[in-house]
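# Reading the structure
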Amino acid sequence: MIETDEPLPRSVYLRRRVIAVGAAVVAVLLLTWIITGFLGDDGLGPLGLATAPSSAPPTAAATASASVSASATASASAAPVSPPAAAPPAAAPAPPAPPPPDPNLPCPDATIAVAAEMDPPAFRPGNRPELRVVITNTGPVPCTRDIGRAQRELLITTGPTRLWSSNDCTPSDGAEPTILAPGVRTTFEVRWAGRTSAPGCPTQRTTVQPGPYTLTARLGTLLSPPLPFTINP
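The text that follows walks through the structure, step by step, so that each part is easy to find. Residue numbers restart at each chain and count upward from 1, following the sequence in its written direction. In keeping with the model being predicted, local features are shown solely for residues with a pLDDT of at least 70 and side-chain atom pairs are shown and tallied solely at 80 or more, while totals for entire chains, interfaces and linings include all residues. As a rule here, side-chain values cover all heavy atoms of the structure and leave hydrogens and water aside.

### Some remarks on the nonpolar core
Inside soluble globular proteins, nonpolar side chains tend to come together where they are buried. Here is the rule we go by: Nine residue types can take part in a nonpolar core, namely buried Ala, Val, Leu, Ile, Met, Phe, Trp, Tyr and Cys, and a core is a set of them joined through side-chain atoms within 4.5 Å. Note on exposure labels: buried denotes an accessible area under 20% of the residue type's maximum, exposed denotes more than 50%, and partly exposed covers the range between, all computed with a 1.4 Å probe on protein chains only. Helix and strand definitions here come from DSSP, where helices need a minimum of 4 consecutive H or I residues and strands a minimum of 2 consecutive E residues; each element is numbered from the N-terminal end. Contact between two residues is taken to exist if any of their heavy atoms lie within 4.5 Å; hydrogens are not considered.
In this structure, Ile112, Leu131, Ile156, Trp192, Leu215 and Phe229 are the most contacted members of the largest nonpolar core, which totals 25 residues. Breaking this core down by element, the ones donating at least two residues are β1 (112-119), β3 (130-137), β5 (152-158), β6 (161-165), β9 (211-219) and β11 (227-231). With residues up to four places along the chain from it excluded, the contact list for Trp192 reads Phe123, Asn127, Arg128, Pro129, Leu131, Ile156, Trp164, Val208, Phe229 and Ile231.

And the structure:
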């Protein structure tokens, strides 16, 4: 460049300044565009700061899972809620058991059965058959009855004739109150010698002859059905 000492016109200086300013502006814009282009690929903004990643759209699996969860929630909400089961009513207390029957209460005649038994029912003179009084409580509960010797008797008859009694030659004892259980047989046995007897037990006694006879048992005022038996010749 050729130096000169002469001053240049003012218009020249103005053009130079305008060109310099314009070149600077263009350079700044170009530099900004270049920097923005490079930094945009690294996720940085124009000031070099990391930009927040945009929210990715939900995938199909996530959408389906959300739909299923929503459906299940809706179904659970729509399902009717069963009311709690009512507690069963408390059972009424059982009535107190009646007191057991008093076995010391006397047995009424209606609950006492009296029977006569003989073994064997047929025999020859000189044999000694076994005679029995059988007393049974036919009621439902135990009770007490006097079954002493004074109350019980075995009697042999033929028609209206009295031949023998178990009480004629055996002294009577005192009362024997006894608890009789329901259905239990109480027996008293005696051997008969086949001879007659009378009250007071006289010494003159005769042998009963062959023929049909009847045995009857007694307890107080209760009599058994007559039991027929036979003395064979």
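Text resumes after the structure shown.
### A closer look at a nonpolar patch on the surface
Formally: A residue counts toward a patch only above 30% relative accessible area and without a salt bridge, and it is joined to like-charged neighbours within 9 Å or, for Val, Leu, Ile, Met, Phe, Trp and Tyr, to nonpolar neighbours within 5 Å. The Shrake-Rupley method, run with a 1.4 Å probe, gives the accessible areas here. Residue values count only the displayed protein chains as cover. Here, a salt bridge means any Lys or Arg side-chain nitrogen found within 4 Å of an Asp or Glu carboxyl oxygen.
Nonpolar side chains collect at one region of the surface, where Val21, Val25 and Leu29 lie side by side and expose about 280 Å² of accessible area between them. With respect to the helices, strands and loops of the structure, Leu29 is situated in helix α1 (residues 10-40). Accessibility expressed as a relative area gives 57% for Leu29, which makes it exposed.

### Section: the sheet that holds β3
Using the following cut-off: Strand pairing follows a simple DSSP-based rule, namely that at least 2 bridges must link the two strands. Only the contacting stretch of a helix is used when fitting its axis, a line to C-alpha atoms as for every element, and angles between N-to-C directions run 0 to 180 degrees.
Judged by pairing direction, the sheet is antiparallel, and its three strands sit side by side in the order β1-β3-β8 without closing on themselves. Across the chains shown, the open sheet's two edge strands, defined by having one partner strand only, are β1 and β8 (185-191). Going from strand to strand, the sheet's axes swing by 20° on average, the running direction of each strand aside. Inspection of the sheet shows β1 paired to β3 by eight bridges, in the antiparallel sense. Looking at β3, one finds that Ala113 is bridged to Thr136.

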